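Summary of the model geometry
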4 protein chains.
Amino acid sequence: MANFKGHALPGSFFLIVGLWWSVKYPLKYFHQKGKRRQLSRNYERLEIIEAAIRTLLPVIGILAEQFVPDGPHLHLYSEHEWIKLMNWQHSTMYLFFAISGITDMLTYLVSHVPLGVDRLVMAVAAFNEGFLFYHHVHNRPPLDQFIHSLLLCAVFGGALSIFLEVILRDNIVLELFRTSLVILQGTWFWQIGFVLFPPFGGPQWDQEDHANLMFITMCFCWHYLAALCIVAVNYSLVHCLLTRLKRRREGEIIGIQELKSDTTYQKALLNGSDESRM
Amino acid sequence: MANFKGHALPGSFFLIVGLWWSVKYPLKYFHQKGKRRQLSRNYERLEIIEAAIRTLLPVIGILAEQFVPDGPHLHLYSEHEWIKLMNWQHSTMYLFFAISGITDMLTYLVSHVPLGVDRLVMAVAAFNEGFLFYHHVHNRPPLDQFIHSLLLCAVFGGALSIFLEVILRDNIVLELFRTSLVILQGTWFWQIGFVLFPPFGGPQWDQEDHANLMFITMCFCWHYLAALCIVAVNYSLVHCLLTRLKRRREGEIIGIQELKSDTTYQKALLNGSDESRM
Amino acid sequence: MANFKGHALPGSFFLIVGLWWSVKYPLKYFHQKGKRRQLSRNYERLEIIEAAIRTLLPVIGILAEQFVPDGPHLHLYSEHEWIKLMNWQHSTMYLFFAISGITDMLTYLVSHVPLGVDRLVMAVAAFNEGFLFYHHVHNRPPLDQFIHSLLLCAVFGGALSIFLEVILRDNIVLELFRTSLVILQGTWFWQIGFVLFPPFGGPQWDQEDHANLMFITMCFCWHYLAALCIVAVNYSLVHCLLTRLKRRREGEIIGIQELKSDTTYQKALLNGSDESRM
Amino acid sequence: MANFKGHALPGSFFLIVGLWWSVKYPLKYFHQKGKRRQLSRNYERLEIIEAAIRTLLPVIGILAEQFVPDGPHLHLYSEHEWIKLMNWQHSTMYLFFAISGITDMLTYLVSHVPLGVDRLVMAVAAFNEGFLFYHHVHNRPPLDQFIHSLLLCAVFGGALSIFLEVILRDNIVLELFRTSLVILQGTWFWQIGFVLFPPFGGPQWDQEDHANLMFITMCFCWHYLAALCIVAVNYSLVHCLLTRLKRRREGEIIGIQELKSDTTYQKALLNGSDESRM
């Protein structure tokens, strides 16, 4: 949908997933390092819930694209004309991400799905988004075209990185890279919305001004910097939290042990024997 | 051949190979997982037959391109003019796939051919197809040019993925990816035929309409979605079939064993001895 | 800054880093080969100092870009106009390299930062430089545009190679390759300065002459040749130095041992006993 | 040099190297398989000779480019004009291949050169050739431009494949792929010579005819097919030769052993003892 909401919606979806990943992957990484494998069952449940949500969000997107007042309402062709192809293309993008979510669910629910298929389908979904965007923006004013095409860097870079994960699964660096690119997409969709359809009724941007293009390019870099910072901050927060939790638990254990040895000592005293020193 | 049949023929070839692969690779994967290696001899025979068919199909294609009534009949140059270069280019594409088939056969028949050469030649054949297509579509109307160029995504993506298999042989995810891209090519050739040369005499598509281009882009994505679904369904069918076969065989074995122990017990009874318990 | 100093500054920065790396990586490589691991503590300190300098240099760059007399002095937008976007873009490039330096420092100072993140952020910084340069040079005369675009080869090639190091860490060949590309960037920035803004008041180059473009292309290759030679020479020097140091140290050890055994022998003589032969 | 000889010379160089490689790599592969490691010393000598020749050939090329009657004779700039930049660019291409040869020699002669640097420099030489060719062919007639640009496929494909060998050294498939691409370059240089400068005084090709472009594209594919066949035939010949040699040697050994046992038996008979059966 070529309005502010039509960009805020996918932006929010990407942000939700990106922020969640920036918490999940550090968590998983620290747990694997600590070799506490007893949490694997819970992780699996978590992954299934995540995949379900990553299926649900695009479905909401599809419904919104199809059934907004000026949407195609599932009509594709009538009276020798294609109906609302923009909305149909957006629906197709959402659809691939929904398929990716379903594949993720299947990977964890059905044991005979080969590992890596989930990453492959996710890479395909990202590539597909880029592919449609690339052919999407012809015949538009320069700024509109340019601001969308910047997205392609994040999308194709992400697709490549995810495809690498087919081979190099569970590589924390690639996972954090993917996370940062997803957050970048999220914030950039919001930025596109603010630039092309100022929500608070400000003046329109001059679509032909070269200075605007230059600023937008630089702004894209700043967004990525922000995305990197968000990932770094969340990574550190997760680390601090886990360290504190660990200390408190160990503190309790030590406390209990001290309590125990105290009691043993008192008993030994009462018994008048040297048992406790043995 | 610039007509419906000329696109239906390669489309069918790709579909045959793609559908077969969508059965073969899951079969191989599940067998390898179950470590029933006694089937390897049969597999080898199967691979040779497959390679022979993958050699035969392009040969049929070459013969069709050369000896259709308006074909070049193996004449390349006469009276200072190149003859039917379109057909010659198509023949060249087929030729490389035939070479790929022959290489596959040699890999299994001749022991000193290094593993991976078959994948390399297949990647070369795919790249060659894309290379010729890329230089093939100049000076054509926009829709014709565009609908062929979409194929390049599938072809070059496939070439890259097959090249990866030189290094990462027997990776089920890459094999399924390749399979899905081959099916995509198959269905897309049919689609091109239907769009550019409507076989049932419908009205021609407007070659200049931007909406048509937009629809075709999206349609390509849907084709890939269909290809993914076909691969997924066949994968599941193969899994179900193997599981049922395994159960029945195990059932029979248990039945036979029960029968055996019954007979032994009866014999023991008849003989009035305790042999069977020893 | 579109003048000679504005190119000499980043050129010097890249040269400093490149020349240092062309000494550091051979040193590290030979030490790892000799398995003298006791130096690892010193190496870590060295890496932190290097990272600090690689943070400091871009900060100097940013300050220079912002606070030169005709700089933006941290003003981005006023009176409905973007202010000095060129300088802002340069600042952004520097900023990413500063972030890369900080990440390197954190990798060595903070133990829970996953290995490889430093390389990822460095690759991002290089990509970001190329990305901004790519969108930077529109609307300029051909030679200006071309001489900057040649830089993209070195930048994107470097970004790819550094990204590979995320997976293949401590590969000496990739490290030397990176080093040579950084030196190339350094000398090329100086070359750009000399061509576009002749510092000694020579005649301007003809921006439209095709022969100039051809020479510049070839000149770029020669610069890379020079960079390769610098890396090779420094590599050999480091090797010679280490070999000589090793020999001298061994010589001393042998000398000390000879001295020792002499003394022992004399003592033995004095004592009139056979202790020393036990 | 823009004449027939100027294309026949590099073509011959590439063909010599390519044909030699198509013999060397199968030889090396079969020897490594048979684990006859005693040949490694000879191999090293062979590699050094090969590297020396691969240094010598480009040096001949440089001398030819510089000192042909209409060459620049090492003058680069005089009277405010660049002199014969074409020849200088060709010299630069040759120079990089010479550097690659020298690096190969050093890798085998000097033990402290890290393995893989030879492949890196070879990849750089190939990339450099493509880089100069890419910027080389502007402002030429379409057929001239196109026939040279086809070379880029072989050159950049080769550069990528050689770069992969930095990581995956001694992979026979990559080595054969490289070999086939070098042969392709060799034959294609000859083809360019024949098309652009018919040596036997035939009629010029029409540089603007689209059919010529189409034929040339297809012809390039046929050249690669021929290159693949040459590699395959040489591979088989090497295999046959080695098998026959092995059989003859084993035959001799068996013969000698038979002779030996015969003599022993006769001795035993003469001695009238059962020694030989012990």
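Residues numbered from 1 in each chain as written. Chains lettered and ligands numbered in written order. Predicted model: local features only at pLDDT ≥ 70, side-chain atom pairs only at ≥ 80, totals over all residues. Heavy atoms only, no water.

Per an unreviewed UniProt entry, chain A goes by Transmembrane protein 45B and derives from Myotis myotis. Entered under Subcellular location (unreviewed entry) in the UniProt record, the comment concerning chain A runs "Membrane". Listed in UniProt under the heading Sequence similarities (unreviewed entry), the comment for chain A reads: "Belongs to the TMEM45 family." (UniProt positions renumbered as here; feature names shortened; annotations may be inferred.)

**Side note on the layout of surface pockets**
Residues and elements named next belong to chain C. Size it by volume and the second largest pocket reaches roughly 770 Å³. Every residue lining the second largest pocket is counted, 42 residues in all, and those nearest its centre are Pro10, Phe14, Tyr94, Glu129 and Phe189. Mapped onto the lining of the second largest pocket, the elements with two or more residues apiece are helix 1 (4-33), helix 2 (40-67), helix 3 (85-109), helix 4 (117-134), helix 5 (142-167) and helix 6 (172-196). At seven residues, helix 1 tops the list of elements feeding residues into the lining of the second largest pocket. Per-class residue counts for the lining of the second largest pocket are 25 nonpolar, nine polar and eight charged. (1 Å grid on protein atoms, 1.4 Å probe; cavity = no way out; pocket = protein on both sides within 12 Å on 5 of 7 lines; lining within 4 Å. Points joined across faces, edges and corners; volume = space filled by probe spheres on them. Helix = DSSP H or I, 4+ residues; strand = E, 2+ residues; numbered from the N terminus. Nonpolar A, V, L, I, M, F, W, Y, C, P; charged D, E, K, R; others polar.)

**Description of the UniProt feature "transmembrane region" (unreviewed entry) in chain A**
According to UniProt, the feature "transmembrane region" (unreviewed entry) maps to residues 6-27, 88-110, 146-168, 180-201 and 213-238 of chain A in the numbering used here. Along residues 146-168 of chain A one finds 96% helix and 0% strand; the C-alpha atoms at either end are 33 Å apart.

**Here's the deal with the environment of A:Pro72**
All names here are of chain A. Residue position: proline 72 is located in the loop between helix 2 (40-67) and strand 1 (77-78). In the structure, proline 72 is positioned 10 residues away from tryptophan 82 in sequence and 9.7 Å away in space, judged by C-alpha atoms. If we skip the residues at most four places from it in the chain, proline 72 touches Glu65, Gln66, Ile83, Lys84, Asn87 and Trp88. (Contact = heavy atoms within 4.5 Å.)

**Structural notes on the relation of the copies chain A and chain C**
Screw-axis analysis of chain A against chain C gives a translation of 0.0 Å along the axis, an RMSD of 0.1 Å, and a rotation angle of 90°. The symmetry that links the two subunits is that of a four-fold axis. (Least-squares fit on C-alpha atoms with pLDDT ≥ 70 in both.)

**Examining the pattern of salt bridges**
Counted by the stated rule, this structure contains 44 salt bridges over all chains. Two residues, C:Asp118 and C:Arg169, come together in a salt bridge whose shortest N-O distance is 3.0 Å. Linking C:Asp118 in helix 4 with C:Arg169 in the loop between helix 5 and helix 6, this pair joins segments that are 51 residues apart in sequence. The buried category is assigned to C:Asp118, whose relative accessible area is 0%. What you see here is one network of salt bridges that share partners, running through A:Lys24, A:Glu47, A:Glu50, A:Arg54 and A:Asp104. (Salt bridge = Lys/Arg side-chain N within 4 Å of Asp/Glu carboxyl O. Buried < 20%, exposed > 50% of the residue type's maximum accessible area, 1.4 Å probe, protein only.)

**Here's the deal with empty space enclosed by the protein**
Residue and element names in this part refer to chain B. For the structure on display, the rule yields three cavities of 30 Å³ or more. Here the largest cavity defines a volume of roughly 60 Å³. Lys24, Tyr25, Lys28, Glu47, Glu50, Arg54, Asp104, Tyr108, Asp118, Arg119 and Met122 are the residues that line the largest cavity. Broken down by secondary-structure element, the contributors of at least two residues to the lining of the largest cavity are helix 1 (4-34), helix 2 (40-67), helix 3 (85-109) and helix 4 (117-134). For the lining of the largest cavity, the class distribution of residues is three nonpolar, no polar and eight charged.

**A few points about the packing of aromatic side chains**
Summed over the entire model, instances satisfying the criterion amount to 92 aromatic pairs over all chains. Ring centres of B:Phe13 and B:Tyr94 lie 6.2 Å apart, and the angle between their planes is 70°; on these two criteria the pair is classed as edge-to-face. With B:Phe13 in helix 1 and B:Tyr94 in helix 3, the pair connects residues that are 81 residues apart, well separated along the chain. Put simply, the rings of A:Tyr77, A:Trp82, A:Trp88, B:Trp205, B:Phe215 and B:Trp222 pair up and form one aromatic cluster. Lying over the aromatic face of A:Trp21, A:Arg178 brings its terminal NZ or CZ to 4.6 Å of the ring centre. (Phe/Tyr/Trp six-rings, centres within 6.5 Å; stacked < 30°, edge-to-face > 60°. Lys NZ or Arg CZ within 6 Å of the ring centre and 35° of its normal.)

**So, the confidence of the model for chain A**
All names here are of chain A. Per-residue pLDDT for chain A has a mean of 87; in total, 88% of the residues score no lower than 70. Mean pLDDT across the elements of chain A bottoms out in helix 7 (residues 210-271) (83) and peaks in helix 6 (residues 172-196) (95). Across residues 273-278, where pLDDT falls below 50, the model places four contacts with residues more than four positions away in sequence or in other chains. Across the interfaces of the predicted complex, the ipTM metric reaches 0.86, alongside a pTM of 0.89. (pLDDT = per-residue confidence, 0-100.)

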